[in-house]
There are 2 protein chains.
Amino acid sequence: MDGGAAAIGLKGCRRVRGAQIRHLLDAKACFLFDCDGVIWHGEQAVPGAPRVVHALLRRGKGVFFVTNNCTRPRETYVRKFRRLGFTGVRREHIFSSSYCAALYLRDVAQVRGGGVFVVGCEGMREELREAGVPYLQEEADVPGATIYDCALSAGVKAVLVGHDDQFTFLKLAKASCYLRDPDCLFLATDSDPWHPLKDGRILPGSGCLTAALEVATGRKATVIGKPSRFMFECISSQFTGVDPAQCLMVGDRLETDMLFGSNCGLDTMLTLTGVSQLEDAEEYSRSEQSTKQCFVPDYVVDTIADFLPAFEELD
Amino acid sequence: MDGGAAAIGLKGCRRVRGAQIRHLLDAKACFLFDCDGVIWHGEQAVPGAPRVVHALLRRGKGVFFVTNNCTRPRETYVRKFRRLGFTGVRREHIFSSSYCAALYLRDVAQVRGGGVFVVGCEGMREELREAGVPYLQEEADVPGATIYDCALSAGVKAVLVGHDDQFTFLKLAKASCYLRDPDCLFLATDSDPWHPLKDGRILPGSGCLTAALEVATGRKATVIGKPSRFMFECISSQFTGVDPAQCLMVGDRLETDMLFGSNCGLDTMLTLTGVSQLEDAEEYSRSEQSTKQCFVPDYVVDTIADFLPAFEELD
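Looking at the sheet that holds strand β1 (residues 14-15) of chain A
Within a sheet, each strand pairs with its neighbour through backbone hydrogen bonds, oriented either parallel or antiparallel.
Residue and element names in this part refer to chain A.
1) Next: Read across the sheet, seven strands follow the order β1-β15-β14-β13-β2-β5-β6 without closing on themselves; strand pairing throughout is parallel. Looking at the sheet topology across the chains shown, the edges are occupied by β1 and β6 (94-96).
2) Next: Here strand β2 (residues 30-33) pairs with strand β5 (residues 62-67) via four bridges, running parallel. Bridged to Phe33 within β5 is Phe65.
3) Next: In the packing of helix α9 (residues 230-238) onto the sheet, the strands contacted are β2, β5, β6 and β13 (247-251), and the crossing angle to β6 comes to about 150 degrees.

Details of the interface of chain B and chain A
1) Next: On the side of chain A, 32 residues touch chain B, which itself brings 32 residues to the contact.
2) Next: With both sides pooled, the region where chain B packs onto chain A buries about 2,800 Å², and carbon together with sulfur makes up 71% of that total.
3) Next: On the chain B side of the interface with chain A, the three residues burying the most area are Phe169, Arg201 and Ile202 of chain B, jointly 27% of the side's total.
4) Next: The interface formed by chain B and chain A includes zero salt bridges.
5) Next: Inspection of the chain B/chain A interface yields six residue pairs in polar contact (both at pLDDT 80 or more).

Some details on the relation of the copies chain B and chain A
1) Next: You can overlay chain B on chain A at an RMSD of 0.0 Å; the transform is a turn of 180 degrees with a shift of 0.0 Å along its axis. Those values place the two copies in the arrangement expected of a two-fold rotation axis.
2) Next: A share of 100% of interface residues in chain B that are also interface residues in chain A marks the association as one of identical surfaces.

Topic: empty space enclosed by the protein
All names here are of chain B.
1) Next: Within the structure shown, the criterion is met by one cavity of 30 Å³ or more.
2) Next: Each pocket or cavity is described by its volume, and for the largest cavity that value is around 30 Å³.
3) Next: In terms of lining, the largest cavity is formed by Pro73, Arg74, Glu75, Arg91, Glu126, Glu127 and Glu130.
4) Next: Elements supplying a minimum of two residues to the lining of the largest cavity: α4 (74-83) and α6 (122-131).
5) Next: Ranked by the residues each element gives to the lining of the largest cavity, the list is headed by α6, at three residues.
6) Next: Its residues placed into classes, the lining of the largest cavity shows one nonpolar, no polar and six charged.

Comments concerning a negative patch on the surface
1) Next: A surface patch of negative charge is lined by Glu255, Glu279, Asp280, Glu282 and Glu283 of chain A.
2) Next: One can find Glu255 of chain A in helix α10 (residues 254-264).

What about the confidence of the model for chain A?
Residues and elements named next belong to chain A.
1) Next: Averaged over all residues, the pLDDT of chain A is 92; the fraction at 70 or higher stands at 95%.
2) Next: Across residues 1-10 the pLDDT falls below 50, and counting only partners more than four positions away or on other chains, this stretch makes 15 contacts in the model.
3) Next: Two numbers describe this predicted complex: its pTM, 0.89, and its ipTM, 0.88.

Section: the sheet that holds strand β15 (residues 299-301) of chain B
Residue and element names in this part refer to chain B.
1) Next: Pairing is parallel in the open sheet, where seven strands are placed in the order β1-β15-β14-β13-β2-β5-β6. Two strands close off the open sheet at either side, each with one partner strand: β1 (14-15) and β6 (94-96).
2) Next: Pairing analysis gives two bridges linking β1 to β15, with the strands arranged parallel. Each bridged residue has a counterpart across the sheet, and for Arg15 the counterpart in β15 is Val300.
3) Next: Across the face of the sheet, helix α3 (residues 49-58) comes into contact with β2 (30-33) and β5 (62-67) while running at roughly 135 degrees to β5.

Digging into the packing of helix α5 (residues 97-108) of chain B against helix α9 (residues 230-238) of chain B
Residue and element names in this part refer to chain B.
1) Next: Relative orientation of the contacting elements α5 and α9 amounts to 75 degrees, with a least axis distance of 10 Å. Our classification of the angle between α5 and α9 gives roughly perpendicular. Where α5 abuts α9, its residues Ser97, Tyr99, Cys100, Leu103, Tyr104 and Val108 lie against Phe230, Met231, Cys234 and Gln238.
2) Next: Here the residues of the contact of α5 with α9 are counted per class, giving eight nonpolar, two polar and no charged.

What to know about the layout of surface pockets
Residues and elements named next belong to chain B.
1) Next: Approximately 1,000 Å³ is the volume found for the second largest pocket.
2) Next: Taken together, 41 residues form the lining of the second largest pocket, with Asp36, Asn69, His195, Pro196 and Leu203 sitting closest to its centre.
3) Next: Taken together, the elements giving at least two residues each to the lining of the second largest pocket come down to β3 (40-41), α4, β10 (194-196), β11 (202-204) and α10 (254-264).
4) Next: In terms of residue class, the lining of the second largest pocket is built from 12 nonpolar, 14 polar and 15 charged.
5) Next: Viewed by domain, the lining of the second largest pocket spans two of them, domain 1 (3-68 + 227-314) and domain 2 (99-223), each represented by three or more residues.

As for the pairing of strand β14 (residues 267-271) of chain A
All names here are of chain A.
1) Next: Taken across its five residues, β14 has four buried, putting it largely inside the fold.
2) Next: Bridging between β13 and β14 involves four bridges; their strand directions are parallel. Bridged to Leu248 within β14 is Asp267.
3) Next: Where β14 meets strand β15 (residues 299-301), three bridges bridge the pair, whose relative direction is parallel. When the sheet's bridge partners are listed, Leu270 is paired in β15 with Val300.

Quick notes on the side chain of Thr273 of chain A
Residues and elements named next belong to chain A.
1) Next: Tracing the chain through its elements places Thr273 in the loop between β14 and α11 (278-286).
2) Next: Among the polar contacts made by the side chain of Thr273, one reaches the side chain of Thr271 at a distance of 3.1 Å.
3) Next: Setting aside anything within four residues of it in sequence, one finds Thr273 in contact with Gly37, Val38, His41, Val46, Asp302 and Thr303.

Here we look at the packing of aromatic side chains
Given two aromatic rings, their pairing is described by the distance between the two centres and the angle made by the two planes.
1) Next: Scanning all chains against the criterion turns up 29 aromatic pairs over all chains.
2) Next: Ring centres of Phe33 of chain A and Phe65 of chain A lie 6.0 Å apart, and the angle between their planes is 25 degrees; this geometry places the pair in the stacked category. Taken together, the residues span a long stretch of sequence, with Phe33 of chain A in strand β2 and Phe65 of chain A in strand β5 at a distance of 32 residues. Side by side, Phe33 of chain A and Phe65 of chain A carry an identical accessibility label, which is buried.
3) Next: Taken together, the ring pairs in this structure connect Phe33, Trp40, Phe65, Tyr77, Phe81 and Phe86 of chain A into an aromatic cluster.
4) Next: When the ring centre of Trp194 of chain B is taken as reference, the NZ or CZ atom of Arg180 of chain A above it lies at 5.1 Å.
5) Next: Between Arg72 of chain B and the ring centre of Tyr77 of chain B, over which it is positioned, the NZ or CZ distance is 5.5 Å.

Focus on the pattern of salt bridges
1) Next: The full count for this structure, using the stated rule, is 34 salt bridges over all chains.
2) Next: Arg74 of chain B serves as the salt-bridge partner of Glu127 of chain B, at 3.4 Å between the closest nitrogen and oxygen. With Glu127 of chain B in helix α6 and Arg74 of chain B in helix α4, this pair connects stretches of sequence that are 53 residues apart. The same class applies to Glu127 of chain B as to Arg74 of chain B, namely buried.
3) Next: A salt bridge links Arg129 of chain B to Glu126 of chain B, with the shortest nitrogen-to-oxygen separation between them at 4.0 Å. You can see Arg129 of chain B and its partner Glu126 of chain B sitting in helix α6, three residues apart, about one turn around the helix.
4) Next: Relative accessible area serves as the criterion here: at 43%, Arg129 of chain B is assigned to the partly exposed category.
5) Next: Residues joined in a network through salt bridges with shared partners are Arg74, Glu75, Arg91, Glu127 and Glu130 of chain A.

Reading the values: rules and limits
- Residues numbered from 1 in each chain as written.
- Chains lettered and ligands numbered in written order.
- Predicted model: local features only at pLDDT ≥ 70, side-chain atom pairs only at ≥ 80, totals over all residues.
- Heavy atoms only, no water.
- Pairing = 2+ DSSP bridges.
- Helix = DSSP H or I, 4+ residues; strand = E, 2+ residues; numbered from the N terminus.
- Contact = heavy atoms within 4.5 Å.
- Axes fitted to C-alpha atoms, helices over the stretch in contact; angles between N-to-C directions.
- Buried area = accessible area lost by both parts, 1.4 Å probe.
- Salt bridge = Lys/Arg side-chain N within 4 Å of Asp/Glu carboxyl O.
- Polar contact = N/O pair within 3.5 Å; in protein donor to acceptor, adjacent residues only side chain to side chain.
- Least-squares fit on C-alpha atoms with pLDDT ≥ 70 in both.
- 1 Å grid on protein atoms, 1.4 Å probe; cavity = no way out; pocket = protein on both sides within 12 Å on 5 of 7 lines; lining within 4 Å.
- Points joined across faces, edges and corners; volume = space filled by probe spheres on them.
- Nonpolar A, V, L, I, M, F, W, Y, C, P; charged D, E, K, R; others polar.
- Patch = residues over 30% accessible without salt bridge, like charges linked within 9 Å, V, L, I, M, F, W, Y side chains within 5 Å.
- Areas by Shrake-Rupley, 256 points an atom, 1.4 Å probe, with all protein chains shown as cover.
- Lys, Arg positive; Asp, Glu negative; His and termini not counted.
- Charge placed at Lys NZ, Arg CZ, Asp CG, Glu CD.
- pLDDT = per-residue confidence, 0-100.
- Parallel < 35°, antiparallel > 145°, perpendicular 65-115°, else oblique.
- Domains from an automatic or database assignment.
- Buried < 20%, exposed > 50% of the residue type's maximum accessible area, 1.4 Å probe, protein only.
- Phe/Tyr/Trp six-rings, centres within 6.5 Å; stacked < 30°, edge-to-face > 60°.
- Lys NZ or Arg CZ within 6 Å of the ring centre and 35° of its normal.

Okay, structure coming up:
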């Protein structure tokens, strides 16, 4: 007995290595990866990550990248994967919150005519364009324009909020006014609170802007990104045979990635190359609040490069 | 029996008129008024309000104006009172959230050196200047500057958030970075969610910007304005003999004004010239959640002009 079979049945922060990972590779048909902090850090691939992804693809595994980063259209991701040494990753493997938001607006909300008011970035607009979802062409605001006197469009069908480094008070006010109409949909790409930058700086996440708008309107946004289930629904509607029981969600953030996996009925793995630490996971695990158990990963690895020895054994 | 004495003892949405109001005028030594929606609407006095205020002052009552509106320094309020026909209102009667925030930073937090990063408007800076509280002189941001490369000041002692129609993503990001330092105080003038404008438009309140920053930092702001008790503490530290049992708080917003009164142990009166309606108050009154009882006014009037007949009877 190497303990591997037992490991697959256990729940909660189980550190896994060689043989146990080999069992996971056997047991799972699909691997879902978060990107930043898991397979890369900004412009640097996590060492070994390209080989892991390549090996999974070569073995015919389903490989999907589920990212709350809404700033890039998928085409840009494809180029980034190539630039960082990942081979064989195609556009259809990539599920970003902006792409899935565009799918939601097209297929679920079925936005026609009118248009979407975007509090967000160019990557979001590009996914909307590609999905054929109409959105308001924001002209640069007239200098000195205020919510007291600015023009507001008629027939806005939805407000979509995501990362927006050009966010202004006037945008917030306009979006608040549009959302006074209860038929105007309120959608957010993700609810990420912040992202780490260098030198201890942080980048406020979409969740901040969404929170501002939720307070102004007294409404709750429908969130597309992790931990909401919708991105998994996008994957399983586009690929046949995606069985939650045969999927592993690999991420670095307990409150988004592990909760997402839990919400979708997937086994989860925390990699320690990103935001959350083992201690954070163990604290949740010890918590008596049952809601916190959804943040606890089934498995923990130092890095996804820990997969590599398992492949070598298999080869 | 005119029922007046009984009225003073009762709790909950009691509609009061002539004789009952006369009893209140006898029983109370201090009257605290919210401004917008209570004594004026923008640039128009509520009809009769100037006479009510004048009559209270003439009878030697304490009259205080407690407003969450942080955009104007008190001097500007004095001029507005005069312009709208209120006579005898002096600067020391006015307690705005920006003035009280400046007092908090000077007397409670005792900010020295370093400085305050202001996410707010000129009215807030003016109150800080007058109180001698140092704050960061924000230069116009270099075009194209981002949180990745902008300059950050050392030794920021507090972030103060209020209404800011020049709010940008970069300000949010800078404030988030300053608040990474747990010794940096996080203060908000108020947590008002929105304010009504004409034509169904709304103006997002300080509460929106505070919420954005709370999400980015995982911290909760200390709120100066109503419903926090601090503004009442400012009044009672500057005036002798301000006994909560002898004060009446008059406002138009259940969730701020009535809760403020309740938090400070004051009797409360809702006037129906502003945001909240009688039905809203009655709904809270019927609620079985004890926390909602704090939103229920003791008394309700259509307008504070309903005070006038009581004065006439007294004269």
